[in-house]
Amino acid sequence: GVAFWSPPFFRVYHPAPKMDSALQVRDPEGKYIREFVPELRGMPDKYIYSPWNAPKEVQEKAKCIIGKDYPKPVVTHEKASSENIAKFKKALSSAGKRPAADGGGAAAKRARKA
């Protein structure tokens with residue numbers, strides 16, 4: 001997500017973490033996911049954070065068919081992300097503002113301290 005204090009507005013985090021991301025996922029095997037999302041217990045590590053990318057054969061073997069046993073994604077992240085960024089850019093330009101290079105300026109710094 002993006003909030004007014006998010007530096008910068010065009011950084012939108014992906015809902016399925018990459019193992020080499022700056023967010024440093026500490027559970028590449030998905031132990032936490034498997035414990036609390038029983039539908040994904042049989043999913044291979046490779047697909048545990050994005051089971052909708054698993055081939056049909058893998059889903060069948062894991063006994064987790066996307067769209068039947070586990071919901072399909074609501075949006076395609078890449079498409080929704082770029083559309084959202086375009087909307088932010090348009091809103092900023094129509095307001096006569098440009099994104100701050102410092103992550104939002106003084107108002108953002110005050111909000112972070114609060």
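Let us look at the structure shown here.

Each helix and strand in the chain was counted, giving four helices and zero strands. Counting helices and strands in the order they occur from the N terminus, the chain gives α-α-α-α. Split into buried and exposed, the 114 residues of the chain put 23% on the buried side. When the accessible surface of the chain is totalled, it reaches about 8600 Å², and 56% of it is carbon and sulfur.

A few words on the packing of aromatic side chains. In this structure the tally under the stated criterion is one aromatic pair. Where Tyr 32 meets Phe 36, the ring centres are 4.9 Å apart and the plane angle is 50°; that geometry is what we call tilted. In this pair, Tyr 32 and Phe 36 both sit in helix α1 (residues 31-36), four residues apart, roughly one turn of the helix. Overall, Tyr 32 belongs to the exposed group, its relative accessible area being 57%.

The full count for this structure, using the stated rule, is two salt bridges. With a closest N to O distance of 3.2 Å, Asp 45 and Arg 34 form a salt bridge. Of this pair, Asp 45 sits in the loop between α1 and α2 (56-62) while Arg 34 is found in helix α1, placing the two residues eleven residues apart along the sequence.

To continue, consider helix α3 (residues 77-94). End to end, α3 covers 25 Å across 18 residues, agreeing with the expected 26 Å (1.5 Å per residue, within 8%). Within α3, the full set of buried residues consists of His 77, Ser 81 and Ile 85. The arc enclosing the buried residues of α3, seen along the axis, measures out at 60°, which places them on a common side. Among the exposed residues of α3, those pointing more than 90 degrees away from its buried face are Lys 79, Lys 87, Lys 90, Ser 93 and Ser 94. Looking one or two residues past α3, Gly 96 carries a phi angle of roughly 75°, positive in sign.

Analysis parameters
- Residue numbers run consecutively from 1 along every chain, following the written order of its sequence.
- Note on the predicted model: pLDDT of at least 70 is required for a residue's local features to be given, and 80 or more for side-chain atom pairs to be given and counted; whole-chain, interface and lining totals, by contrast, use all residues.
- As a rule here, side-chain values come from all non-hydrogen atoms in the structure, and water together with hydrogens is ignored.
- Helix and strand assignments come from DSSP, with helices taken as H or I runs of at least 4 residues and strands as E runs of at least 2, each series counted from the N terminus.
- Classification of residues uses two cut-offs on accessible area relative to the type maximum, computed with a 1.4 Å probe and protein chains only: under 20% is buried, over 50% is exposed, and between them is partly exposed.
- Using a 1.4 Å probe, accessible areas were evaluated by the Shrake-Rupley method; residue-level cover was limited to the displayed protein chains.
- Here is the rule: rings of Phe, Tyr and Trp (six-membered ring for Trp) pair when centre to centre is within 6.5 Å. Planes less than 30 degrees apart are stacked, more than 60 are edge-to-face, and the remainder are tilted.
- Put simply, a salt bridge is a Lys or Arg side-chain nitrogen that is within 4 Å of an Asp or Glu carboxyl oxygen.
- Multiplying 1.5 Å by the residue count of a helix minus one yields the expected span of that helix.
- What the arc describes is the spread of directions from the helix axis to the C-beta atoms.

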